[in-house]
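Examining the three-dimensional arrangement
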Amino acid sequence: MSNLPFNGAPATFENGSTVAFEAYNQEQVRRLHAAVLTAGGSDDGAPGFRDAYGADFCVGYLRDPQGNKIAIFSSHPDDPGRDG
């Protein structure tokens, strides 16, 4: 059985694989996301919560200038969760 990427398109080097970086907290997720955009990356999902993940998992998605997908995430226990 194979799984397609979330967007349903075929898996390629730039779709279906993601390099993920853990941030200290949600504020750092937002600051790093903004810094990547300033440095020439593109938005592929604004920082926030996703239904597919836990209530405390904040993540933002980006593409680097070569098209590779990057995730910056945090699930710091002191940050407010989705319902917080």
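Rules behind the numbers
Residues numbered from 1 in each chain as written. Predicted model: local features only at pLDDT ≥ 70, side-chain atom pairs only at ≥ 80, totals over all residues. Heavy atoms only, no water. Core = buried A, V, L, I, M, F, W, Y, C linked by side-chain atoms within 4.5 Å. Buried < 20%, exposed > 50% of the residue type's maximum accessible area, 1.4 Å probe, protein only. Helix = DSSP H or I, 4+ residues; strand = E, 2+ residues; numbered from the N terminus. Contact = heavy atoms within 4.5 Å. Phe/Tyr/Trp six-rings, centres within 6.5 Å; stacked < 30°, edge-to-face > 60°.

1. A short note on the nonpolar core
Counting six residues, the largest nonpolar core consists of Ala-23, Val-29, Cys-58, Leu-62, Ile-70 and Ile-72. If you list the elements that add at least two residues to this core, you get strand 3 (58–63) and strand 4 (69–74). Not counting chain neighbours up to four residues away, the residues in contact with Leu-62 comprise His-33, Val-36, Leu-37, Ser-42, Asp-44, Asn-68, Lys-69, Ile-70 and Ile-72.

2. Some words on the side chain of Lys-69
Along the polypeptide, Lys-69 turns up in strand 4. For Lys-69, a relative accessible area of 18% puts it in the buried group. In contact with Lys-69, not counting residues within four places along its chain, are Ser-17, Thr-18, Val-19, Asp-44, Tyr-61, Leu-62 and Arg-63.

3. Here's the deal with the packing of aromatic side chains
Tallied over the entire structure, the rule returns two aromatic pairs. Taking the centre distance of 5.2 Å and the plane angle of 55° together, the rings of Tyr-53 and Phe-57 count as tilted. Aromatic side chains Phe-57 and Phe-73 sit 5.2 Å apart centroid to centroid with 15° between the ring planes, which places their arrangement in the stacked category. Here Phe-73 lies in strand 4 and Phe-57 lies in the loop between strand 2 (42–49) and strand 3, a separation of 16 residues in the sequence. Among the residues examined, Phe-57 registers a relative accessible area of 23% and is labelled partly exposed. What makes Phe-73 buried here is its relative accessible area of 18%. Following the ring pairs from residue to residue traces out a cluster consisting of Tyr-53, Phe-57 and Phe-73.

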